[in-house]
Amino acid sequence: MLSKPVIFCDFDGTVTNNDNIIAIMKKFNPPGWEPIKDDILSQRVSIKEGVAKMFSLLPSTKKDDIIRYVLEQAEIRDGFAEFVAYAKEQNIPLYIVSGGIDFFVLPLLEPFGPFAGIYCNEADFSGETIQINFPHGCDGDCTSQGCGCCKPSIIRKLLEGGSKSIVIGDSITDLEAAKRADLVIARDFLIEKCGELGLPYEPFENFRDVTSIIDARLGVKL
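Bear in mind that the values here come from a model prediction, so they are computed numbers and not experimental data.

A. Local environment of the packing of aromatic side chains. Under the counting rule described, the total for this entry stands at 12 aromatic pairs. On the basis of an interplanar angle of 75 degrees and a centroid distance of 5.2 Å, the ring pair of Phe-80 and Phe-112 is categorised as edge-to-face. Here Phe-80 is found in helix 5 (residues 80-89), whereas its partner Phe-112 is found in the loop between helix 6 (102-109) and strand 3 (117-124), with 32 residues between them in sequence. Each member of the pair, Phe-80 as well as Phe-112, is classed as buried. Centroid distance Phe-80 to Phe-115: 6.3 Å. Interplanar angle 25 degrees. Geometry classified as stacked. With Phe-80 in helix 5 and Phe-115 in the loop between helix 6 and strand 3, this pair connects stretches of sequence that are 35 residues apart. Exposure class is identical for Phe-80 and Phe-115. Each is buried. An aromatic cluster of at least three residues, connected via ring pairs, comprises Phe-80, Phe-83, Phe-112, Phe-115, Phe-204 and Phe-207.

Printed below as a string of structure tokens:
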């Protein structure tokens, strides 16, 4: 059973059905982005370095087109609204911790808030190419030191004594947080990595699954 749970939920590929950064890159297809993506997934380069490199391939003049496209194509995963309501009913703090970028994370989440907090990276369109700022970097205890939006550092900052962390995610950006979580709820690439490392996890496809998993751990009846 989990006492005093706190939820830390990824955004891209978790709250949304697809990874929005990858969707942007596929749509606008700047030369050289795919090898960078492969380097991130294989952990040959840090997430911070790789994301910054990919966006630096895009001209800032594409800002309006990129924002319009990503907001139009993004789909919220089934059951998310009900999951947010469930967390509120159970008085479970729900933080969104995302390696995504503010120009799509914040507007897509706005209809579902407020949340306990939203942590993501920020875009700067003032130069010739898009620059990414990383306001939530690694603390001194992070073993990666290249997370970009450092989820384990955020969890360490926010988690109070006696509270238990629930990490929900799908990709490489969630792995370091998953290593330290009391409960991991995973899909897609994160399942693969948890399997490789022997990390226990619960699989999910939609947020009704997530609600049921947490509900069972709390011993609460809906």
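B. Highlighting the packing of helix 4 (residues 63-73) against helix 6. The N-to-C vectors of helix 4 and helix 6 enclose an angle of 40 degrees; their axes lie 10 Å apart at closest approach. The orientation of helix 4 relative to helix 6 falls into the category oblique. Between helix 4 and helix 6 lies a crossing of right-handed hand. Across the interface between the two elements, Ile-66, Ile-67, Val-70 and Leu-71 of helix 4 pack against Phe-103, Phe-104, Pro-107 and Leu-108 of helix 6. Looking at the contact of helix 4 with helix 6 residue by residue, the classes come out as eight nonpolar, no polar and no charged.

C. Local environment of the pattern of salt bridges. Inspection of the entire model under this criterion finds 12 salt bridges. A salt bridge links Asp-139 to Arg-156; the shortest N-O distance between them is 2.9 Å. A residue pair is termed long-range when its members are at least 10 positions apart, and Asp-139 in the loop between strand 4 (131-133) and helix 7 (151-158) and Arg-156 in helix 7 qualify at 17 residues. Residue Arg-217 pairs with Glu-202 through a salt bridge whose shortest N-O separation is 3.4 Å.

D. Seen up close, the sheet that holds strand 2 (residues 94-101). As summarised here, the arrangement of the seven strands in space is 4-3-2-1-5-6-7, forming an open sheet in which the pairing is mixed. Here the strands that pair on one side only, and so sit at the sheet edges, are strand 4 and strand 7 (202-203). With four bridges joining them, strand 2 and strand 3 adopt parallel strand pairing. Note on strand 3: the bridge partner recorded for Ile-96 is Ile-118. Across the face of the sheet, helix 9 (residues 188-197) comes into contact with strand 5 (164-169), strand 6 (183-186) and strand 7 while running at roughly 130 degrees to strand 6.

The rules behind each value
- For every chain, the first residue of the written sequence is number 1, and numbering continues from 1 onward in sequence order.
- For a predicted model such as this one, the threshold for reporting local features is a pLDDT of at least 70, and the threshold for listing and counting side-chain atom pairs is 80 or more; totals across whole chains, interfaces and linings nevertheless cover every residue.
- In computing side-chain values, all of the structure's heavy atoms are included and hydrogens and water are not.
- Aromatic pairing here means that ring centres of Phe, Tyr or Trp (its six-membered ring) are within 6.5 Å. Orientation follows from the plane angle: under 30 degrees is stacked, over 60 is edge-to-face, and everything else is tilted.
- In DSSP terms, a helix is any run of H or I states spanning at least four residues, a strand is any run of E spanning at least two, and both are numbered starting from the N terminus.
- Partly exposed describes any residue whose relative accessible area lies between the buried limit of under 20% and the exposed limit of over 50%, with all areas from a 1.4 Å probe on protein chains only and scaled to the type maximum.
- Each axis is a line fitted through C-alpha atoms, taken for helices only over the stretch in contact, and angles between the N-to-C directions span 0 to 180 degrees.
- If an angle is under 35 degrees, it is roughly parallel; if it is over 145, roughly antiparallel; if it lies from 65 to 115, roughly perpendicular; otherwise it is oblique.
- Put simply, a crossing is left-handed when the front helix is turned counterclockwise from the back one by less than a right angle, and right-handed when it is turned clockwise.
- A contact between two residues is defined here by any heavy atoms of the two lying within 4.5 Å.
- Think of it as three bins: nonpolar holds Ala, Val, Leu, Ile, Met, Phe, Trp, Tyr, Cys and Pro, charged holds Asp, Glu, Lys and Arg, and polar takes everything else, Gly as well.
- In what follows, salt bridge is the name for a side-chain nitrogen of Lys or Arg lying within 4 Å of a carboxyl oxygen of Asp or Glu.
- A pair of strands counts as paired when DSSP detects no fewer than two bridges linking them.

Function cannot be inferred from these measures alone, as they are strictly geometric.
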